[in-house]
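Listed below, chain by chain, are the residues.
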Amino acid sequence: MNNSKSTMQTEKRTETIKVGFTKNWILLRMWISIGIHFMKRYKNPFLLGKIRKHILSLKQVYTTETGIGKLAYVNGKYYFNSNMNGWPSPLFYRPLEVEVSKALNGSISNLENLKLVQIAFTKKCPLNCEHCYEGHELNKKDTLSLDDHKQILQKLHAAGISVIQYGGGEPMTHVDDLVELFESAPGKSDFYIYTSGFNCSRKNLERLKNAGLTGISIGIDHYLAEKHNAFRRNDKAFQWALDAAKNARDLNLVLTFTICATKEFCSEENLWNYLNFANEQGASFVQVLEPRAAGNYEYQDVYLNLEQLTTLETFFLQANADASKKHLPIVLYTGYHQRKKGCLGAGNGYLYIDTDGYISSCPFCRNMKTHILDKNHETAIHELKIDGCDLPILN
Ligand code: SF4
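Residues numbered from 1 in each chain as written. Predicted model: local features only at pLDDT ≥ 70, side-chain atom pairs only at ≥ 80, totals over all residues. Heavy atoms only, no water.

Concerning the site of the ligand
The environment of the ligand is formed by Cys125, Leu127, Asn128, Cys129, His131, Cys132, Leu138, Gly169, Ser196 and Arg232. Its residues assigned to classes, the shell around the ligand shows 5 nonpolar, 4 polar and 1 charged. (Near = heavy atom within 4 Å. Nonpolar A, V, L, I, M, F, W, Y, C, P; charged D, E, K, R; others polar.)

Next comes the structure, spelled out in structure tokens:
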């Protein structure tokens, strides 16, 4: 790697990841703003005490035993996680309002209870990656039109859902449609795109940002070009991903690298090399997904064993808490929370809408229920909660 280039980019990262006193000062201001927000809504001191207690209890659910070690600062906002809204922003308070309303026995529907929805925007994709969870659907005729997507978005926004992520297929095969979709509902949620990096030119990302895009998550599965390209079955995939990262970083979009940490990949050396690589490319977050026997991996023995999971968990905790790692991107690892605290997806706070518009617990637990535009979505989400998650619990 080019040393002078790495040094320059590392300096840039230090400004973006907030730790130590600076991070604590930001958190203090954030908690004060949350207090003011709820004081304006609920004047009763007894209720405010109850709200404070409840919000503090949520920290146990959403953070690890090492607490909040880092914040990412992007485009004027601070982020714990690229699956949540940044602060300051009116959208930041929405998930807290839902939790507070539930704690005060308010009436919240199953749809309103969701904090995040991921939508497969299209079946089109120029790749056919080893792990693709939509592998069986790729490049069939799309069944959802742009108008359908607008209706879905209206329904999600009417329920107040504040983070919406578009994946696929490859959503960047439909840039014009995404721009029109985002422009149809300005400011009502944070939009993210899950992409391989395909078609993420500066011009395309800039158009999307102007239409309301908050960030992109790039699927990049190795820090070595030849390994990533083999996994993605395309010789250009690594360069697409790097170019997309540079353009997103230059445009001040929240940048996440998402990796499928396979059995072969899951060593201490690879994980740290990957995190350093993500840092050099300017990512604020690294999201680690475990391989699951779905899509192209259906019926395959891809699940990590106990030793590999332990390696992953140790990496996750150290990366976010060790002083020597403070300049590195924030690591997100949902599998850790799922095993320790239960699944936060599966209709509890999140759901997945597939390429035909049907809802499932997540892209991997494909317990397909009703169409999102059907009226009986409440019963369907309730069923998702009962189904739970099929992630193997090994410890
Ligand atoms: S994982 Fe994403 S990029 Fe790869 S084939 Fe599937 S939809 Fe396309």
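Now that the structure has been shown, the text picks up again.
Quick notes on the pairing of strand E7 (residues 213-219)
Of all 7 residues in E7, 7 are buried, a share of seventy percent or more. When strand E6 (residues 190-195) meets E7, the two strands line up parallel, connected through 5 bridges. Looking across to E7, one finds that tyrosine 192 is bridged to glycine 215. In this region the chain leaves E6, passes through helix H7 (residues 202-211) and returns to the parallel neighbour E7; the handedness of that crossover is right-handed. Two strands pair when backbone bridges link them, and E7 and strand E8 (residues 254-260) are joined in this way by 5 bridges, in the parallel orientation. Bridge pairing in E8 links glycine 219 to threonine 258. (Buried < 20%, exposed > 50% of the residue type's maximum accessible area, 1.4 Å probe, protein only. Helix = DSSP H or I, 4+ residues; strand = E, 2+ residues; numbered from the N terminus. Pairing = 2+ DSSP bridges. Right-handed = clockwise from strand over helix to strand, strands pointing away.)

Points about a nonpolar patch on the surface
Together, Phe21, Trp25, Leu28, Ile32, Ile36 and Met39 make up an exposed nonpolar region whose accessible area comes to about 650 Å². Positionally, leucine 28 belongs in helix H2 (residues 20-41). With a relative accessible area of 41%, leucine 28 lands in the partly exposed category. (Patch = residues over 30% accessible without salt bridge, like charges linked within 9 Å, V, L, I, M, F, W, Y side chains within 5 Å. Areas by Shrake-Rupley, 256 points an atom, 1.4 Å probe, with all protein chains shown as cover. Salt bridge = Lys/Arg side-chain N within 4 Å of Asp/Glu carboxyl O.)

Some words on the pattern of salt bridges
Across all of its chains, the model carries 12 salt bridges by this definition. Here aspartate 221 ties to arginine 232 by a salt bridge, and the two come within 2.7 Å at their closest N and O atoms. In this pair, aspartate 221 is assigned in the loop between E7 and helix H8 (225-232) and arginine 232 in helix H8, connecting sequence segments 11 residues apart. Judged by relative accessible area, aspartate 221 falls into the buried class, the value being 6%. Ionic pairing is found between arginine 339 and glutamate 290, a salt bridge with its closest N-O pair at 2.7 Å. Within this pair, whereas arginine 339 is found in helix H12 (residues 334-341), its partner glutamate 290 is found in the loop between strand E9 (285-289) and helix H11 (306-321), the two being separated by 49 residues in sequence. Grouping residues by exposure puts arginine 339 and glutamate 290 together as buried. The network of salt bridges with shared partners includes Lys123, Glu137, Lys140 and Asp356.

Focus on the state of the cysteines
A covalent bond between the sulfur atoms of two cysteines is what we call a disulfide. A full pass over the atoms with the stated rule returns 0 disulfides. Take cysteine 260: it sits in no disulfide, and the sulfur closest to it among the cysteines is that of cysteine 266, at 9.8 Å. (Disulfide = S-S within 2.5 Å.)

Description of the sheet that holds strand E2 (residues 71-74)
Here we have 3 strands laid out as an open sheet, ordered E1-E2-E3, and antiparallel in their pairing. The open sheet has two free edges, formed respectively by strand E1 (17-18) and strand E3 (77-79), since each of these has just one partner strand. Pairing geometry for E1 and E2, over 2 bridges, is antiparallel. Bridge assignment links lysine 18 to a residue of E2, and that residue is leucine 71.

Points about the domain arrangement of the protein chain
Looking at the protein chain, the domain boundaries give domain 1 (3-103) and domain 2 (116-387). Averaged C-alpha coordinates put domain 1 and domain 2 at centres separated by 22 Å. Contacts between domain 1 and domain 2 engage 32 residues on the former and 45 residues on the latter. Together, the buried faces of domain 1 and domain 2 total about 3,000 Å²; carbon and sulfur atoms form 51% of this surface. Applying the counting rule to domain 1 against domain 2 returns 11 residue pairs in polar contact (both at pLDDT 80 or more). Here the side of domain 1 that touches domain 2 takes 6 residues from helix H1 (residues 3-16), the largest share from any one element. (Domains from an automatic or database assignment. Contact = heavy atoms within 4.5 Å. Buried area = accessible area lost by both parts, 1.4 Å probe. Polar contact = N/O pair within 3.5 Å; in protein donor to acceptor, adjacent residues only side chain to side chain.)

Considering H11
If you check H11, its first and last C-alpha atoms are 22 Å apart, about what 16 residues at 1.5 Å a residue would give, namely 22 Å. All of the buried residues in H11 are Gln308, Leu309, Leu312, Glu313, Phe315, Phe316, Ala319 and Asn320. Buried residues of H11, seen end-on, are gathered within an arc of 160 degrees and therefore sit on one face of the element. The elements touched by buried residues of H11 are helix H10 (268-280), E9, strand E10 (330-332) and H12. (Expected span 1.5 Å × (residues − 1). Arc of directions from axis to C-beta.)

A short note on the environment of alanine 380
Looking at the element boundaries, alanine 380 is found in helix H13 (residues 377-387). A relative accessible area of 5% places alanine 380 in the buried class. Setting aside chain neighbours within four positions, we find alanine 380 in contact with Ile359, Lys369 and Thr370.

So, the packing of helix H5 (residues 146-158) against helix H6 (residues 175-183)
Packing of H5 against H6 brings their axes to within 10 Å, and their N-to-C directions diverge by 35 degrees. Remark: the crossing between H5 and H6 carries right-handed chirality. Across the interface between the two elements, Leu146, His149, Lys150 and Leu153 of H5 pack against Asp177, Glu180 and Leu181 of H6. (Axes fitted to C-alpha atoms, helices over the stretch in contact; angles between N-to-C directions. Left-handed = near helix turned anticlockwise from the far one by under 90°.)

Some thoughts on H8
Taken as a whole, H8 has its buried residues at His228, Asn229, Phe231 and Arg232. The arc that holds every buried residue of H8, seen down its axis, measures 160 degrees, which confines them to one face. Turned more than 90 degrees from where H8 packs its buried face, Glu226 and Ala230 sit exposed. Among the structural elements, E7, helix H9 (237-250) and E8 are those in contact with the buried residues of H8.

As for the side chain of lysine 70
For lysine 70, the location among the structural elements is in the loop between helix H3 (45-62) and E2. Among buried charged residues, lysine 70 stands out as having no salt bridge; its nearest opposite-charge side chain is aspartate 322, 9.4 Å away. Separated by 2.8 Å, the side chain of lysine 70 and the backbone oxygen of lysine 325 make a polar contact. At a separation of 2.8 Å, a polar atom in the side chain of lysine 70 contacts the main-chain carbonyl oxygen of leucine 328. Beyond its immediate stretch of four places on either side in the chain, lysine 70 contacts Ile17, Lys18, Val19, Lys23, Ala319, Asn320, Lys325, Lys326, Leu328, Pro329 and Ile330. (Lys, Arg positive; Asp, Glu negative; His and termini not counted.)

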